[in-house]
Amino acid sequence: MLRGNVEDLLAFIAVAREQSFTKAASKLGMSQSGLSHAIRGLEERLRVRLLTRTTRSVSPTTEGERLLETIGPRFEEIEVELVALTDLRDKPAGTIRITADDYAIDKVLWPKLRKVLRDHPDVKVELVVDYGLTDIVAERFDAGVRLGEIVSQGMISMRISPDQRMIVVGSPDYLATRPMPKTPQDLTSHDCINLRLPTKGGLYVWEFEKDDKEVRVRVDGQLVFNGANQITAAAVDGYGLSFIPEGLAIDHIASGRLVQVLSDWCPSYPGYHLCYPSRRQASAAFKIVLEALRERG
């Protein structure tokens, strides 16, 4: 029975995780009709309904959730072992998927990875820009980049950058037309460039600290972006104040294109950490990436 069900079980896992026949079919490289036929055949053999289908969505039934939670990790373990076997070859090989925000990719991950990847042509790396703190395991990433050392249970955290700092900046032209903000509350009377977070669709609340006093400010303005690079460019163009990683602003400040304000309200905080499942058996390819990213400062 197992031999005949393996492919259909893999099809079920893909649909249940993607909650879409279209996405699952694309991921598996098969037609939607073939995928639907496989799921129906599995349900008929098991004599239980695994998926609830509507015109707009697909979701696992209670029985489907139980099956997914039971077999999903098993297939992941098998996949890890198969990858590990390929590492017995002369050269490490495999694809490592990492999710991070665009600043971490540009300023931390890529500068370190580009130094070693040329020496390991069979190691492939996929870097996915994401501000939503994606579930690393559920979305089948090998690792994710987070600020600070606080991670979910069952995860390992490794520092990959020095301490970081968010700062408030604006162009000289913009600041020439507005009073200089002295406290975070003064930002409510300024045009501020907002960051849209994927989670719940909310706007990022600007966070400050001084003399052990924490202040959170909801700002407003003409522009909203979902990436720090675009926010920085808009600030340089004079559209308002932005709250961005210091590393993005340094060159602009040095050239006079941006001016920093509220410096005493912007302390540093623990830098970027790479987080990955503790139960993950590290392949040779993953070990190469880990060593390349490890912070040694």
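As shown above, the structure is provided for reference.
Owing to the predicted nature of the structure, the values given are computational and were not obtained by experimental measurement. (Residues numbered from 1 in each chain as written. Predicted model: local features only at pLDDT ≥ 70, side-chain atom pairs only at ≥ 80, totals over all residues. Heavy atoms only, no water.)

Our focus in this paragraph is helix 3 (residues 32–46). The terminal C-alpha atoms of helix 3, which comprises 15 residues, lie 21 Å apart, in line with the 21 Å expected from a rise of 1.5 Å per residue. All of the buried residues in helix 3 are Leu 35, Ser 36, Ala 38, Ile 39, Gly 41, Leu 42 and Glu 43. Just beyond helix 3, the residue with positive phi is Arg 47, at close to 60°. (Helix = DSSP H or I, 4+ residues; strand = E, 2+ residues; numbered from the N terminus. Expected span 1.5 Å × (residues − 1). Buried < 20%, exposed > 50% of the residue type's maximum accessible area, 1.4 Å probe, protein only.)

This paragraph deals with the pairing of strand 4 (residues 123–129). When strand 3 (residues 94–100) meets strand 4, the two strands line up parallel, connected through seven bridges. Considered in strand 4, the bridge of Ala 100 is made with Val 129. Note that the unit made of strand 3, helix 5 (residues 102–113) and strand 4 has a crossover that is right-handed. (Pairing = 2+ DSSP bridges. Right-handed = clockwise from strand over helix to strand, strands pointing away.)

Glancing now at the sheet that holds strand 3. Strand order in this open sheet of five strands is 4-3-5-14-6, and the pairing throughout is mixed. Strand pairing shows two members of the sheet lacking a second neighbour, strand 4 and strand 6 (155–159), which therefore form its edges. The mean inter-strand angle of the sheet, taken between neighbouring strand axes irrespective of direction, is 25°. Against the sheet, helix 5 makes contact with strand 3, strand 4, strand 5 (143–147) and strand 14 (272–277), and its axis sits at roughly 165° relative to strand 4, the strand it touches most. Packed onto the sheet, helix 9 (residues 284–293) meets strand 3, strand 4, strand 5, strand 6 and strand 14 and runs at close to 40° relative to strand 3. (Axes fitted to C-alpha atoms, helices over the stretch in contact; angles between N-to-C directions. Contact = heavy atoms within 4.5 Å.)

Here we come to the state of the cysteines. The full count for this structure, using the stated rule, is zero disulfides. As a non-bridged cysteine, Cys 192 has Cys 266 as the owner of its nearest cysteine sulfur, 12 Å distant. (Disulfide = S-S within 2.5 Å.)

Moving on: the pattern of salt bridges. Taken as a whole, this structure holds 11 salt bridges when the rule is applied. Arg 216 is paired through a salt bridge with Glu 207; the nearest N and O atoms lie 2.9 Å apart. Arg 216 gets classed as exposed once you look at its relative accessible area, which sits at 57%. Note that Glu 291 and Arg 294 form a salt bridge whose closest N and O atoms lie 2.8 Å from each other. Judged by its relative accessible area of 39%, Glu 291 is partly exposed. Under the relative-accessibility criterion, Arg 294 is labelled partly exposed at 33%. (Salt bridge = Lys/Arg side-chain N within 4 Å of Asp/Glu carboxyl O.)

There is a patch of like negative charges on the surface, built from Glu 209, Asp 211, Asp 212 and Glu 214. Summarising the element assignment, Glu 209 is placed in strand 9 (residues 206–210). Taking relative accessible area as the criterion, Glu 209 reaches 32% and is therefore assigned partly exposed. (Patch = residues over 30% accessible without salt bridge, like charges linked within 9 Å, V, L, I, M, F, W, Y side chains within 5 Å. Areas by Shrake-Rupley, 256 points an atom, 1.4 Å probe, with all protein chains shown as cover. Lys, Arg positive; Asp, Glu negative; His and termini not counted. Charge placed at Lys NZ, Arg CZ, Asp CG, Glu CD.)

If you look at the biggest cluster of nonpolar residues, it comprises 55 residues, and the most contacted ones within it are Val 168, Leu 187, Phe 208 and Leu 274. Sort the elements by how many residues they give to this core and helix 9 lands first, with seven residues. Once residues within four sequence positions are removed from consideration, Leu 274 is found in contact with Ile 98, Ala 143, Gly 144, Val 145, Ile 156, Ser 157, Met 158, Ile 160, Leu 290 and Leu 293. (Core = buried A, V, L, I, M, F, W, Y, C linked by side-chain atoms within 4.5 Å.)

This part is about the packing of helix 5 against helix 9. When two helices pack together, their arrangement is given by the angle between their axes and by how far apart the axes lie. Interaxial distance between helix 5 and helix 9 falls to 9 Å at its minimum, and their mutual angle equals 120°. On the basis of the axis angle, helix 5 is oblique to helix 9. When you trace helix 5 past helix 9, the crossing you get is right-handed. Of helix 9, the residues touching helix 5 (which contributes Leu 109, Lys 112 and Leu 113) are Val 289, Ala 292 and Leu 293. Among the residues making up the contact of helix 5 with helix 9, the classes are represented as five nonpolar, no polar and one charged. (Parallel < 35°, antiparallel > 145°, perpendicular 65-115°, else oblique. Left-handed = near helix turned anticlockwise from the far one by under 90°. Nonpolar A, V, L, I, M, F, W, Y, C, P; charged D, E, K, R; others polar.)

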